[in-house]
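# Residue-level structure breakdown
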Amino acid sequence: MAALNCSSPSPPHLIPSFRNYPSNSLLFTIPATRRRSFPSFRLKNSLAVESPATSSTNNGGDSPKILLQVKDLTAVIAQSEQPILKGVNLCIYEGEVHAVMGKNGSGKSTFAKVLVGHKDYEVTGGSIVFKGENLLDMEPEDRSIAGLFMSFQSPVEIPGVSNIDFLLMAYNARRRKLGLPELSPIEFYAYIMPKLEVVNIKPDFLNRNVNEGFSGGEKKRNEILQLAVLGAELSILDEIDSGLDVDALRDVSKAVNGLLTPKKSVLMITHYLRLLEYIKPNYIHIMEDGKIIKTGDISIAKLLEKEGYKAVSAT
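Here the structure is a predicted model, which means the values were calculated and not measured.

## A short note on the sheet that holds strand β2 (residues 83-93)
Taken in spatial order, the 4 strands of this open sheet run β2-β1-β4-β5, and their pairing is antiparallel. Edge positions in the sheet fall to β2 and β5 (133-134), since each of these pairs with one other strand and no more. The sheet contact formed by strand β4 (residues 121-130) and β5 spans 2 bridges and is antiparallel. Within β5, the residue paired with Phe-130 across the bridge is Glu-133.

## Some points on unusual backbone geometry
Backbone geometry places Glu-81, a non-glycine residue, at a positive phi of 60°. Relative to the elements of secondary structure, Glu-81 occurs in the loop between β1 (66-77) and β2. On the basis of relative accessibility, which here comes to 57%, the residue Glu-81 falls in the exposed class.

## Points about the packing of helix α4 (residues 163-177) against helix α5 (residues 185-199)
Packed helices, taken two at a time, are described by their axes: the angle between them and the distance between them. Running from N to C, α4 and α5 cross one another at 95°; their axes reach a closest spacing of 11 Å. Classified by the angle between their axes, α4 and α5 sit roughly perpendicular to one another. Contacts between α4 and α5 involve Ile-164, Leu-167, Leu-168 and Tyr-171 from the first element and Pro-185, Phe-188, Tyr-191 and Ile-192 from the second. In terms of residue class, the contact of α4 with α5 is built from 8 nonpolar, no polar and no charged.

## Considerations on the packing of aromatic side chains
Per the counting criterion, the structure on display carries 4 aromatic pairs. Between Tyr-171 and Phe-188 the ring centres are 5.6 Å apart and the planes differ by 45°, which places this aromatic pair in the tilted class. Here Tyr-171, found in helix α4, pairs with Phe-188, found in helix α5; they are 17 residues apart in sequence, far enough to count as distant. On the basis of relative accessibility, which here comes to 0%, the residue Tyr-171 falls in the buried class.

## Let's talk about the pattern of salt bridges
Enumeration over the complete set of coordinates arrives at 9 salt bridges. The salt bridge involving Glu-218 is made with Arg-208; its shortest N-O contact spans 3.2 Å. Separated by 10 residues along the polypeptide, Glu-218 in helix α6 (residues 216-230) and Arg-208 in the loop between α5 and β8 (209-210) bring together distant segments of the chain. By relative accessible area, Arg-208 is classed as partly exposed at 29%. Note that Arg-221 and Asp-251 form a salt bridge whose closest N and O atoms lie 2.6 Å from each other. Here the residue Arg-221 occupies a position in helix α6, and Asp-251 occupies one in helix α7 (residues 246-259), the gap between them amounting to 30 residues.

What counts, and where the lines are drawn
Residues numbered from 1 in each chain as written. Predicted model: local features only at pLDDT ≥ 70, side-chain atom pairs only at ≥ 80, totals over all residues. Heavy atoms only, no water. Pairing = 2+ DSSP bridges. Helix = DSSP H or I, 4+ residues; strand = E, 2+ residues; numbered from the N terminus. Buried < 20%, exposed > 50% of the residue type's maximum accessible area, 1.4 Å probe, protein only. Axes fitted to C-alpha atoms, helices over the stretch in contact; angles between N-to-C directions. Parallel < 35°, antiparallel > 145°, perpendicular 65-115°, else oblique. Contact = heavy atoms within 4.5 Å. Nonpolar A, V, L, I, M, F, W, Y, C, P; charged D, E, K, R; others polar. Phe/Tyr/Trp six-rings, centres within 6.5 Å; stacked < 30°, edge-to-face > 60°. Salt bridge = Lys/Arg side-chain N within 4 Å of Asp/Glu carboxyl O.

In short, geometric facts, not functional conclusions.
Structure (structure tokens):
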């Protein structure tokens, strides 16, 4: 089975503009800001604020809805026009976890970057519908505000911009999109404190510049903190296990699992079974030569671990 059927429910993620940042940067344009330093104390529960994604009307009891539907997607490298994606089909429902695996060069990361509107790639055919809207009509920052999040393999540093300023700006941008009032710095501090605990990050982390001088594990935790703050409906995690030791992988996986709800979904890209043992997917897709050639469950990953890609290759 190369693609999931979107006709019926299946069984039981701040993106600055890519135009102004390096190819693996975050997707929110950062205006000049005055740095704020926040004390390490807990505010009273009366200031608690819900995530934008959970504060809207709850449709509990409804059947899962299609969150992302990709049909016959083709894309090329913008500069060279080299074809990379050659007809990708994928359907993700609310509350599902999907994983994409494949050899290096199979198109996994390109697919993720095309979903968030990376300028290095040009879509030449097919369609992407996210929450009922044409994703291809949206700018990268609009995709983020709409509820799409991507965690990059190598997050870039943003000197001079603190984590707290960056997150507050991004969070309020999403609240404006949802018609909600913006939070003051003090209200936002109350909102973010429980998120720090989920990701196992100390409060003084907020006063550091975004990813500047961070270890590999700290950068990955920071990405998941951004996800926790924004409350994105679809999180794309591109090799989030890369460079993590066992403890860091366990912490990051625990945080991701803690953010899953019946309305939120995850699309992971990975090479390794170990991540899938912590964050258990509903479906695993094998990508080869720019297409999804096989879809199944965790048994596919176990087969790859034992026999390699020759066991599932279409050639």
